[in-house]
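This is what each chain is made of:
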Amino acid sequence: MSEVILRKLNKNDEAAFLAGAKAWEGEDPHWYSFNWKPGGSFSEMFAKLEDEDAGRNLQPGRVPHTMLYGFIDGEIIGRVSVRHTLNESLRKRGGHIGYAVAPKYRGKGYATEMVRQALSFCKSLGLTSIMVTCADDNAPSWKVIEKFGGVLQDKVWDDEDEETIRRYWITF
Ligand SMILES: CC(C)(COP(=O)(O)OP(=O)(O)OC[C@H]1O[C@@H](n2cnc3c(N)ncnc32)[C@H](O)[C@@H]1OP(=O)(O)O)[C@@H](O)C(=O)NCCC(=O)NCCS
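Student: Please give an account of the site of the ligand that cites residues and values.
Tutor: In the vicinity of the ligand there are 19 residues, among which R106, A111, T112, C134 and P140 approach most closely. Elements with a minimum of two residues in the shell around the ligand: β4 (97-101), α4 (110-124) and α5 (139-147). Looking at the shell around the ligand, the element that brings in the most residues is α5, giving five residues.

Listed below in structure tokens is the structure:
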């Protein structure tokens with residue numbers, strides 16, 4: 001497996017970010033970014049990421065949040081979203097971290113490696129346990145969670161997405 005570097009974007013990452021987006025064509029754009037859609041401005045998106053990371057100008061219902069991107073040889077392969085705290089909505093579904101790997105890089109252990117690095121980041125925030133949720137039938141996702149000692153809290157029906165989800169806790 002190639003070395004993955006999981007880190008925040010910086011203002012010089014525009015070319016890598018735009019190139020990385022091409023690997024998500026046909027997928028839900030949220031898997032790549034919450035603040036950007038094809039054709040959108042990198043600098044505006046980057047300013048929002050900096051604000052969310054610092055907990056500034058948060059939109060209603062949003063908590064401080066850091067987006068970490070996984071790079072291999074300068075190319076973006078996926079991302080991990082880290083919520084610094086939970087609110088009612090994240091407690092229901094979403095939890096502290098969410099991750100996605102571009103389709104062409106899946107099945108190679110990259111989500112596992114990105115989550116391993118993201119857990120260190122969570123510890124650096126002072127978190128001692130994190131909630132992680134996924135659809136009940138998303139085996140690649142719950143396998144990652146269970147690899148890191150995730151303990152199943154429960155399985156609940158999600159009215160909004162009309163599916164059963166699993167809610168886990170990983171304690172450091
Ligand atoms: C979930 C996701 C991040 C997994 O990424 P990935 O890089 O393929 O994951 P890994 O290669 O680290 O594999 C994780 C585990 O899932 C298993 N796995 C991978 N693809 C699988 C599949 N199609 N069916 C069953 N298991 C699978 C792997 O074998 C591995 O388990 P193992 O180590 O016990 O063999 C990726 O599928 C994705 O981005 N999906 C869309 C977004 C998403 O669902 N995110 C999770 C939201 S909670």
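Student: How would you explain the sheet that holds strand β6 (residues 151-158) if you had to name every residue and give the values?
Tutor: Taken together, three strands build an open sheet; the order of strands is β5-β7-β6 and the sheet is antiparallel. Single-partner strands in this sheet number two, and they are β5 (129-135) and β6. Neighbour to neighbour, the strand axes of the sheet diverge by 25° on average, direction disregarded. Alignment of β6 against strand β7 (residues 163-171), held across seven bridges, turns out to be antiparallel. Within the sheet, the bridge partner assigned to D158 lies in β7 and is E163. On the sheet, α5 packs against β5 and β7 and is oriented at approximately 160° with respect to β5.

Student: I'd like a description of unusual backbone geometry, backed by residues and values.
Tutor: Positive phi, normally seen in glycine, also occurs at N57, with a value near 50°. With respect to the element layout, N57 can be found in the loop between α2 (42-54) and β2 (65-72). Backbone geometry places D73, a non-glycine residue, at a positive phi of 50°. By the element assignment, D73 lies in the loop between β2 and β3 (75-83).

Student: Can you explain the sheet that holds strand β1 (residues 5-7)? Please cite residues and give values.
Tutor: Ordered by their spatial adjacency, four strands build an open sheet running β1-β2-β3-β4, and the pairing between neighbours is antiparallel. What marks the edges here is a single partner per strand, and that holds for β1 and β4. Looking at each pair of strands side by side, their axes are set apart by 20° on average, direction ignored. Sheet topology note: the β2/β3 ladder contains eight bridges and is antiparallel. Each bridged residue has a counterpart across the sheet, and for Y69 the counterpart in β3 is R79.

The rules we used
- Residues numbered from 1 in each chain as written.
- Predicted model: local features only at pLDDT ≥ 70, side-chain atom pairs only at ≥ 80, totals over all residues.
- Near = placed C-beta within 6 Å.
- Helix = DSSP H or I, 4+ residues; strand = E, 2+ residues; numbered from the N terminus.
- Pairing = 2+ DSSP bridges.
- Axes fitted to C-alpha atoms, helices over the stretch in contact; angles between N-to-C directions.
- Contact = placed C-beta atoms within 7 Å.

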